[in-house]
Amino acid sequence: MRTGLLLLALALGCSVHTARSVGSAATARVDRTVPAPPYGPGTLGEAFGLADQANRLADTLYQLMPDASSGIQALTVHLTPGGVVRVIDVAYGPLRGYADQVAAARGSMGNPSTTRTDDDGSQHTIWQDARTRYEVVGRVFDSRSVVSARLTDLLLAGS
């Protein structure tokens, strides 16, 4: 009897610590790729093969400037010491609106895991699954809207 209760307690305790979506169960699997023409997609968890085409900002930090037609001003790629992509920061161009970016993400990934508005008015919409977090951030500075996003590999984030 004690063994059964102990196993049940362990099983329940383990389920509390598993990585799961935050918030809505409607969140689909989070896309781990950012299209970046002409370079091709940047993908979390893969080796970064564009070091010779990117601006090197630090040993494990590179920046790419995709075609203007992509709507992206810059991609900043954070690598592990072994050269694997662990985070991709996206700076969208001035024509990309926060609501539009959230709607596009919702169309491909379903409902977000969580949303919030900070005291400074910044809006955050987040999709998260067991491996990946995608956060869209909208801010207003001097009457202009700035939209960015961060795609994070949760298993490599601390690398």
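Details of the structure are given in the entry above.
Read on for an overview of the structure.

Each value, and the rule that gives it
- Residues numbered from 1 in each chain as written.
- Predicted model: local features only at pLDDT ≥ 70, side-chain atom pairs only at ≥ 80, totals over all residues.
- Heavy atoms only, no water.
- Salt bridge = Lys/Arg side-chain N within 4 Å of Asp/Glu carboxyl O.
- Buried < 20%, exposed > 50% of the residue type's maximum accessible area, 1.4 Å probe, protein only.
- Helix = DSSP H or I, 4+ residues; strand = E, 2+ residues; numbered from the N terminus.
- Pairing = 2+ DSSP bridges.
- Axes fitted to C-alpha atoms, helices over the stretch in contact; angles between N-to-C directions.
- Core = buried A, V, L, I, M, F, W, Y, C linked by side-chain atoms within 4.5 Å.
- Contact = heavy atoms within 4.5 Å.
- Phe/Tyr/Trp six-rings, centres within 6.5 Å; stacked < 30°, edge-to-face > 60°.

1. A word on the pattern of salt bridges
Piece 1. Inspection of the entire model under this criterion finds six salt bridges.
Piece 2. Residue Asp 59 is joined to Arg 56 by a salt bridge in which the shortest nitrogen-to-oxygen separation is 2.2 Å. No difference in accessibility class separates Asp 59 from Arg 56, as the two residues are exposed.
Piece 3. Among the charged side chains, a salt-bridge network with shared partners connects Arg 116, Asp 118, Arg 133 and Glu 135.

2. Observations concerning the environment of Arg 106
Piece 1. Tracing the chain through its elements places Arg 106 in helix α2 (residues 98-109).
Piece 2. Judged by relative accessible area, Arg 106 falls into the partly exposed class, the value being 38%.
Piece 3. Between the C-alpha atom of Arg 106 and that of Trp 127, which follows or precedes it by 21 residues, the distance is 8.9 Å.

3. Topic: the sheet that holds strand β6 (residues 85-92)
Piece 1. Taken together, the eight strands give an open sheet; going across it, the order is β3-β4-β5-β6-β10-β9-β8-β7, and neighbouring strands pair in antiparallel fashion. Across the chains shown, the open sheet's two edge strands, defined by having one partner strand only, are β3 (55-58) and β7 (114-117). Sheet twist, expressed as the mean angle between neighbouring strand axes with direction ignored, is 15 degrees.
Piece 2. Here strand β9 (residues 132-141) runs beside strand β10 (residues 144-153); their pairing, made up of 10 bridges, is antiparallel. By the bridge assignment, Val 136 is partnered in β10 with Ala 149.

4. Some remarks on unusual backbone geometry
Piece 1. The peptide bond linking Pro 37 to Pro 38 adopts the cis configuration, its omega dihedral lying at 10 degrees.
Piece 2. As for its position among the elements, Pro 38 is in the loop between β1 (33-34) and β2 (42-43).

5. Some remarks on the nonpolar core
Piece 1. Ranked by internal contacts, the top residues of the largest apolar core, which has 27 residues, are Phe 48, Leu 75, Ile 88, Val 90, Trp 127 and Tyr 134.
Piece 2. When contributions to this core are tallied by element, the ones reaching two or more residues are β4 (61-64), β5 (72-79), β6, α2, β9 and β10.
Piece 3. Residue contacts for Ile 88: discarding those within four places in its chain leaves Val 34, Gly 42, Thr 43, Leu 44, Leu 75, Thr 76, Ala 149, Arg 150 and Leu 151.

6. Things to note about the packing of aromatic side chains
Pairs of aromatic rings are described using the distance from one ring centre to the other and the angle between the two planes.
Piece 1. Evaluated as defined, the whole model comprises two aromatic pairs.
Piece 2. Taking 5.9 Å as the distance between ring centres and 35 degrees as the angle between the ring planes, the aromatic pair formed by Trp 127 and Tyr 134 counts as tilted. As far as burial versus exposure is concerned, Trp 127 and Tyr 134 are alike and both buried.

7. Some words on the environment of Gln 101
Piece 1. Relative to the helices and strands, Gln 101 resides in helix α2.
Piece 2. We classify Gln 101 as buried; its relative accessible area is 7%.
Piece 3. Measuring from C-alpha to C-alpha, the distance between Gln 101 and Val 136 comes to 7.5 Å, with 35 residues separating the pair along the chain.
Piece 4. With residues up to four places along the chain from it excluded, the contact list for Gln 101 reads Tyr 92, Arg 96, Tyr 134, Val 136 and Val 147.

8. Description of the pairing of β10
Piece 1. Note that β6 and β10 share five bridges and pair antiparallel. Along β10, the bridge assignment pairs Val 87 with Thr 152.
Piece 2. From the end of β9 to the start of β10, which pair antiparallel, there are two residues, and Asp 142 there has a positive phi angle of about 45 degrees.

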